[in-house]
Structures are given as structure tokens and as C-alpha cells.
Amino acid sequence: YPWQPIKEYKEILFHKYDGIARISINRPQVHNAFTPLTVQEMIDAMNICREDMDIRVIILTGEGGKAFCSGGDQSVRGHGGYVGQDATPRLNVLDLQKMIRSIPKPVVAAVAGWAIGGGHVLHVVCDLSIAAENARFGQTGPKVGSFDGGFGASYLARVVGQKKAREIWYLCDQYDAQEALDMGLVNKVVPLEMLEETYVAWAKKMIAKSPIALRMLKSSFNAELDGQAGIQELAGNATLLYYLSEEAKEGKNAFLEKRDPDWSKYPKFP
Ligand code: 1HA
């Protein structure tokens, strides 16, 4: 596929092709473990994906075919978080997780090889996950002195159920692609050489659908789980639709024309 680079970064690759954006962690020597910079770059790319109206679907993946992401880079983990070049400890991956969930476009994880620890949580928060046959999933927190009790625990439990989520965190076992499929952790398993073809095909299927319908569905799925923040997102989409109506425009026009609004001509549906 003729992927075109969108922007140059140090620790990720960012490409676009036919309405599909692809953000790929590019640290294969450490199984695509992330540093604060990796995450900062992914957040920047996600912001571009949000603003660019030509981008309809976002693919999250990792370079090298051996790992999607192995979580936080343990070699830069310091006192209070992951320490970047500014010497400040951060857990900025939590902001990235929220962005993946709230961006009003589908985000698809394409998982080849390891999706472990904070890397596993990244695929969990994506709308869809497609696994290559060599994919391996798991959490390591309690083994390496960490835990993600946010989406990493509660949303995982929504995806695979309470018993399985507790097993995944308490035992820190690893699961192959078929086991992941069986527990509903991924949507599909394909041979590694078919991964790109499959996520492009899935993206194209979604691009052929109504963007506002997909946007409303994403915020509706989120709203049930995300409390007031979820309702805010769904309600924001309701406001967007309302602003497109003649009735809403009458309110603004009346204000600007210094007259009383006339709501009489707008339908009052049963
Ligand atoms: O829990 C959180 C958070 C919680 C709340 C808020 C924010 C959070 C943010 C992050 C995280 C976390 O991600 S904690 C979990 C961190 N990740 C891990 O514990 C996984 C560590 N890696 C492994 O267990 C294994 O590498 C592996 C099971 C994925 C693969 O094993 P394998 O095939 O034997 O490869 P291995 O030799 O271990 O790894 C290849 C190279 O990559 C090694 O480097 P080398 O010895 O060749 O120099 C290895 O050290 C490096 N590497 C792999 N994963 C990481 C890593 N280096 C740094 N950090 C890593 N995560």
C-alpha cells in the first residue's frame, strides 16, 4: 500500500493512506517499549488524526513484527514515573489511553508479537483489535512492581469478564492469539503476513460507513462506562447534530438580529 509519511518523529512512525492513519511504535530493539517521548509523540499524532478530516480510521501498531508494545520502558522508570529527557517523571500513557477512547473515529490495534503490560492496555482501549498468529498478550504489573487500575483493570473486566481479568492481572500469565480470541480480547486472528491486508480491509469497510453514525456509536459505547465524562462526549455529539439543525440556527440568528426567536415552524415530534 502507498503509505505516505505525515510527520517525522524520533520514536514512532506516522503514515497515511486513503483515509487511514497508522501510528507505529518504532523501538523494536526493546519490543516497542514506550518512553515519555514515545507517548508524547503518539499524543501529537493522535491530535493530528483528530483534526485531519480526511483521516477516518486510525491503526495503532508496532514496528518489527515481533512486538506491538511491551509497555513502559523499564530502563527509564524512575522515582514516580517514567523519566524523559526533562528529568520529570510522567505517566502520560494514561492521557493517551483517554485520547484513544475519546477520539471520534475508530482506532484499531494491529497486534503482532508481544502486547504486554502498558502495551497490552493500549490494545485493550482500542475499539477493535486484530491479532497476528504470533501475538502474545498479558499483564506484568504485579511482577515488575506496577499496576494499571484504570482502564487497564476496569475496562479489561468489561471486555473479558471479572474472573478472566483478575486471572490476567493476578497470575501475569501470557496468552496466545487463539486464547485471546476465545476470551473476546481480540476480534480476529490472521497469519502475520495477512495483518496489514486485514486491517486495511477492515478500515475500508468502516470508511464506507456513515462517519456520524460511527462517531455516535463510539461515544454511546463509551457513555455507558465512562460516567459523566462519557455522557459529556455523547452529549457533545448531540449538540453537534443540533447545531446542524434549522431550529438551533434560529436561536442564534434571533440573538444576532436582536429579535425574539420564532420556534413555531420547527417540528415537535411525538
Ligand atoms: O503498568 C504500567 C502503568 C501503570 C499505570 C500508569 C502507567 C503505566 C505505564 C506503564 C506500565 C507498564 O507498562 S508496567 C509493565 C512493563 N513491561 C513489562 O514488564 C514487560 C517487560 N518485558 C518482558 O517481560 C519481556 O521482554 C517479554 C515477555 C515482552 C518478551 O520476552 P523475550 O522474548 O524473552 O524478550 P526479551 O529478551 O525480554 O526482550 C528483548 C529486549 O527488549 C531486551 O533487551 P536486551 O536484553 O536485548 O538489551 C529487553 O530488556 C527489552 N525489553 C523488553 N521489554 C522491555 C524492554 N526494555 C525496557 N522496558 C520494557 N518494557
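That block above? That's the structure.
Residues numbered from 1 in each chain as written. Predicted model: local features only at pLDDT ≥ 70, side-chain atom pairs only at ≥ 80, totals over all residues. Heavy atoms only, no water.

Chemist: Any details on the packing of aromatic side chains? Residues and values, ideally.
Modeler: Per the counting criterion, the structure on display carries seven aromatic pairs. Ring plane angle 55° and centroid distance 6.5 Å describe the contact between Trp3 and Tyr199, whose orientation is recorded as tilted. You can see Trp3 sitting in the segment before strand S1 (4-5) and its partner Tyr199 sitting in helix H8 (residues 195-207), a full 196 residues away along the chain. Positioned above the aromatic ring of Trp3 is the side chain of Arg22, whose terminal nitrogen or guanidinium carbon lies 4.1 Å from the ring centre. It is Arg101 that lies over the ring of Tyr155; its NZ or CZ is 4.4 Å from the centre. (Phe/Tyr/Trp six-rings, centres within 6.5 Å; stacked < 30°, edge-to-face > 60°. Helix = DSSP H or I, 4+ residues; strand = E, 2+ residues; numbered from the N terminus. Lys NZ or Arg CZ within 6 Å of the ring centre and 35° of its normal.)

Chemist: Tell me about unusual backbone geometry, and name the residues and values.
Modeler: In this structure, His31 takes a positive phi of about 55° despite not being glycine. Within the secondary structure, His31 sits in the loop between strand S3 (20-25) and helix H1 (36-51). Residue class for His31 comes out partly exposed when judged on its relative accessible area of 35%. The residue Lys258 is not glycine, and still its phi comes out positive at about 50°. Here Lys258 is to be found in the segment after helix H10 (246-256). (Buried < 20%, exposed > 50% of the residue type's maximum accessible area, 1.4 Å probe, protein only.)

Chemist: Can you tell me about empty space enclosed by the protein, naming the residues and giving the values?
Modeler: Enumeration according to the criterion identifies one cavity of 30 Å³ or more in this entry. Roughly 30 Å³ of volume is contained in the largest cavity. Lining the largest cavity, in full, are Phe34, Thr35, Pro36, Tyr82, Arg90, Leu91, Asn92 and Val93. In terms of residue class, the lining of the largest cavity is built from five nonpolar, two polar and one charged. (1 Å grid on protein atoms, 1.4 Å probe; cavity = no way out; pocket = protein on both sides within 12 Å on 5 of 7 lines; lining within 4 Å. Points joined across faces, edges and corners; volume = space filled by probe spheres on them. Nonpolar A, V, L, I, M, F, W, Y, C, P; charged D, E, K, R; others polar.)

Chemist: Talk me through the packing of H1 against helix H2 (residues 93-102); I want residue IDs and the actual numbers.
Modeler: At a closest axis distance of 9 Å, the pairing of H1 and H2 adopts a crossing angle of 20°. The orientation of H1 relative to H2 falls into the category roughly parallel. Along this stretch, H1 crosses H2, giving a crossing that reads as left-handed. Contacts from Val39, Met42, Ile43, Met46, Asn47 and Arg50 of H1 reach H2 at Val93, Asp95, Leu96, Met99, Ile100 and Ser102. (Axes fitted to C-alpha atoms, helices over the stretch in contact; angles between N-to-C directions. Parallel < 35°, antiparallel > 145°, perpendicular 65-115°, else oblique. Left-handed = near helix turned anticlockwise from the far one by under 90°. Contact = heavy atoms within 4.5 Å.)

Chemist: Pulling in residues and values, what's your account of H8?
Modeler: Its 13 residues place the ends of H8 18 Å apart at the C-alpha level, agreeing with the 18 Å of an ideal helix rising 1.5 Å per residue. Taken as a whole, H8 has its buried residues at Leu195, Thr198, Tyr199, Val200, Ala203 and Met206. (Expected span 1.5 Å × (residues − 1).)

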